[in-house]
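Observations on the model geometry
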Amino acid sequence: MKKTTLAIVISSLSLSVIAADHDHAHLSTIGEQGGKDATKATIQYNNEFAKTLNFKDVRAFENNNRGLIAEFDQTTGDIIRNSFNFIDADVANADNAPDSVNPSLWRQAVLNQAATGLYEVVPGKVYQVRGTDLSSISFIRSDSGWIVYDVLLTKESAAQSLKFFQENVPEAGNLPIVAMIYSHSHADHFGGSRAIKDAFPDVKVYGSKNITKEIVDENVLAGNAMSRRAAYQYGATLDRNNHGIVDAALAKGLSTGEITYVLPDYELNHDQEIETLVIDGLEMKFMDASGTEAASEMVTFIPSINTLWSGELTYQGMHNVYTLRGAKVRDSLKWSKKINEMLVTWGAKTEVLFSAHSAPMWGTTEISDFLKMQRDAYGFTHNQTLRLANNGYVMQDLGDKIYEVMPDSIQKSWHTNGYHGTYSHNSRAVYNMYLGYFDMNPANLNPLPIKPQSAKFVEYMGGSDVILKKAHADFEKGEYRFVATVLNKVMQVEPTNTEARKLLADSYEQLGYQSEGAGWRNTYLTGAQELRVGTMPGNPKTASADVLANMTIENLLDYMAVKVDSLKAQHTPFTLNVVLPDVEDTFYVEMANGNLNNIKVDKALKADATLFINRSDVTKIILQQTTLKDLFATKAAGLKGDNTVLNKLLSTMVEFDEVFEIVPRPAAGQEVDAQLYEKTENQSGHKH
């Protein structure tokens, strides 16, 4: 049966919520590690890097171990899909990085590997299950039961974590979950909500300000591109070993399963900066932090136990001001100011600080010092970027220059290191937020497109043979950054040049081995992998019916407009009313000049056709419970006027390429380094 237009459009929606599908033959490397060895230049780089690090500071490991109630045993040890058994979680291993891993990133990998199990944060009052997902799930005691805070990425990980909590805290199994709170609008904090709702149907749900709107808004329009890019950032197709993915910066990695979303019964008040609620007898003070780490976010202070929940404004590392998968640049100045506001408002009272990632902290002095350093890391990035920009430094220069002006106190602090967001790409993000991509140099105002520009570069340099000779020499000297730059030009012009392909892959690999940032490492290593063997299965997917079902009609129409081929659409103009009787909404849609427009109107306007469909039935289409054709057949929906309008719309729509080329793909039959990899059923940025 041929799908109708609306069904096709809706069923193809894709949010860039990151959950990888690993039900396939996964990449695994031949031998114990696969990949190529670190070169002498990389070994020397990492050894010199290690000399700048204070491995004697093991405070984070001590906090990691505090309050441990139960470790995962053989039946729960595989509660997440990520197996990092090759990493010894002992603190003694923190300064024993393999040659192929930046020593700072390795220490973070060991730290995160150690944080797995059930922990008591505040005796009898607050518990956390850590290590089951990218985020942690927290349980807070209230008068008649438990309040659960941030519920992981998937229904499966939340259900298993809940069970583990109930089995290991004696009174937990006898008391209900009375409330569920989402701190912000990222999927690893609400995706497991259906597991809690299924277990406790009467649970009341709370969310940060405008959370539902921001969830469906943030990643829809560029969702396909974000999902493809996320495969690089999160190393979705990389093997888990010393030559592949070793950590996800915030935690070990992502769970697999179903991303769900239970609508909040209450979202924070739009007009209040700090809102106090009493939830099942527990007073909680919520501070709005929207526009910092997430478009919708809040932090929470619990006065009765002098405990501060910092959401994702803080963790043991520098966060993303710009995320490599692609997103709107975050406001680093507001981020710094919100941490300062937390510090000034509650710092003197706070005896315990816990959050969505990393271990908690105890003691007013330690917490205050931590918050000040976190505050100043984001403030430094914002203020020094603009100081440099106001003195003529441009985006391309800032990635290196920001490290030259970094104070020793920030450089030497473990929890300000660039594991998730590096100072290099965050500084460039600040520049872009204020000044955009253009550096005002006329040469950069209107450059040639990538491929013709690359062709001219190769021609000017004397051809690919000359370039390759020089590139081999520079590779031997460890000048991987420029080798990668110049060989990318060659590959754009000569994608079948096997020698250039192999050397470019080798360069990316060594850059990955040197990277402190987990996203940088994964991006370099994924680029090397795709140069060698092409695009592999395992790209991030989203099948979050709950999230899609909460998309507004305006969201949907805007997304449809992105999928219109303007050259086709210029020949098929039309007007259409979309009337939603059950919610009494009407939208006027016009295809004109190759562009699909929509506007909400009070009543239907004069148009070529009018589509009548209930909003509830649109949700059923999204959930694949019905089709537009079926709704027409049962007269649950109807079309008056020109019955060719929907076909006109369909004729202009395109499907996105979910695995579009990022690095040039190997040609069919081309010799590549495929011997490094085989198919198997097993799953297996620097700061200076």
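Residues numbered from 1 in each chain as written. Predicted model: local features only at pLDDT ≥ 70, side-chain atom pairs only at ≥ 80, totals over all residues. Heavy atoms only, no water.

**Overview of the sheet that holds strand β11 (residues 274–279)**
- On the basis of which strands lie adjacent, the open sheet formed by 6 strands has the order β11-β12-β13-β14-β15-β16 and mixed pairing. Edge positions in the sheet fall to β11 and β16 (361–362), since each of these pairs with one other strand and no more.
- Strand direction decides the pairing type here: strand β13 (residues 298–302) and strand β14 (residues 307–309), joined by 3 bridges, are antiparallel. The partner of Thr300 across the bridge, within β14, is Trp309.
- Against the sheet, helix α9 (residues 332–346) contacts β11, β12 (282–288), β13 and β14, and its axis sits at roughly 145 degrees relative to β12. (Pairing = 2+ DSSP bridges. Helix = DSSP H or I, 4+ residues; strand = E, 2+ residues; numbered from the N terminus. Contact = heavy atoms within 4.5 Å. Axes fitted to C-alpha atoms, helices over the stretch in contact; angles between N-to-C directions.)

**A word on the pairing of strand β21 (residues 609–612)**
- Bridge count for strand β18 (residues 574–580) against β21 is 4 bridges, and the pairing is parallel. Along β21, the bridge assignment pairs Asn577 with Thr610.
- Note: β21 against strand β22 (residues 638–641), 4 bridges, orientation antiparallel. Looking across to β22, one finds that Ala609 is bridged to Gly641.

**Brief notes about helix α5 (residues 155–168)**
- Relative to the 20 Å expected for 14 residues at 1.5 Å per residue, α5 spans 20 Å between its end C-alpha atoms, a close match to the ideal helical length.
- Along α5, the residues classified as buried are Ser157, Ala158, Ser161, Leu162, Phe164 and Phe165. Buried residues in α5, looked at end-on, bunch into an arc of 160 degrees, giving them a common side. In α5, the exposed positions angled more than 90 degrees off the buried face are occupied by Lys163 and Glu167. (Expected span 1.5 Å × (residues − 1). Buried < 20%, exposed > 50% of the residue type's maximum accessible area, 1.4 Å probe, protein only. Arc of directions from axis to C-beta.)

**Here we look at the packing of helix α2 (residues 40–50) against helix α17 (residues 498–514)**
- The contact between α2 and α17 brings their axes to 9 Å, and the two run at 15 degrees. Our classification of the angle between α2 and α17 gives roughly parallel. Remark: the crossing between α2 and α17 carries right-handed chirality. Seen from α2, the contacting residues are Ala41, Thr42, Tyr45 and Asn46; seen from α17, they are Gln510, Tyr513 and Gln514.
- Classifying every residue of the contact of α2 with α17 by side-chain character gives 3 nonpolar, 4 polar and no charged. (Parallel < 35°, antiparallel > 145°, perpendicular 65-115°, else oblique. Left-handed = near helix turned anticlockwise from the far one by under 90°. Nonpolar A, V, L, I, M, F, W, Y, C, P; charged D, E, K, R; others polar.)

**Focus on the sheet that holds strand β4 (residues 117–122)**
- The strand order across the open sheet formed by 8 strands is β3-β4-β5-β6-β7-β8-β9-β10, and the pairing between neighbours is mixed. If you trace the sheet from one side to the other, it starts and ends with β3 (68–70) and β10 (266–267), each paired once.
- Taken together, the 4 bridges between strand β6 (residues 137–141) and strand β7 (residues 146–149) define a ladder with antiparallel strand orientation. When the sheet's bridge partners are listed, Arg141 is paired in β7 with Trp146.
- Lying on the sheet, α5 is in contact with β3, β4, β5 (126–130), β6, β7 and β8 (177–182); it crosses β4 at an angle near 65 degrees.

**With respect to the packing of aromatic side chains**
- For the coordinates displayed, the defined rule picks out 21 aromatic pairs.
- Each ring, one from Phe84 and one from Phe86, has its centre 6.2 Å from the other, and the planes form 40 degrees; the classification is tilted.
- The buried category is assigned to Phe84, whose relative accessible area is 2%.
- Ring centres of Phe475 and Tyr480 lie 5.0 Å apart, and the angle between their planes is 65 degrees; on these two criteria the pair is classed as edge-to-face.
- The class of Phe475 is buried, set by a relative accessible area of 11%. (Phe/Tyr/Trp six-rings, centres within 6.5 Å; stacked < 30°, edge-to-face > 60°.)

**A few points about a nonpolar patch on the surface**
- Taken together, Met433, Tyr434 and Leu435 make up a surface patch of nonpolar side chains, about 290 Å² in accessible area.
- Among the secondary structure elements, Met433 is positioned in helix α13 (residues 423–435).
- Among the residues examined, Met433 registers a relative accessible area of 38% and is labelled partly exposed. (Patch = residues over 30% accessible without salt bridge, like charges linked within 9 Å, V, L, I, M, F, W, Y side chains within 5 Å. Areas by Shrake-Rupley, 256 points an atom, 1.4 Å probe, with all protein chains shown as cover. Salt bridge = Lys/Arg side-chain N within 4 Å of Asp/Glu carboxyl O.)

**Quick notes on the environment of Gly363**
- Topologically, Gly363 is positioned in the loop between β16 and α10 (364–389).
- For the pair formed by Gly363 and Thr350, sequence separation is 13 residues and the distance between their alpha carbons is 7.5 Å.
- With near-sequence residues (within four places) excluded, Gly363 lies in contact with Thr350 and Glu351.

**As for the nonpolar core**
- Counting residues in each nonpolar core, the largest one holds 62 residues, and the members touching the most others are Phe139, Phe165, Ile177, Met180 and Tyr182.
- When residues of this core are assigned to their parent elements, the largest contribution, 5 residues, is made by helix α4 (residues 103–114).
- Those residues in contact with Met180 that lie beyond four places of it in its chain are Val148, Val151, Ser193, Ile196, Val203, Lys204, Val205, Tyr206 and Val262. (Core = buried A, V, L, I, M, F, W, Y, C linked by side-chain atoms within 4.5 Å.)

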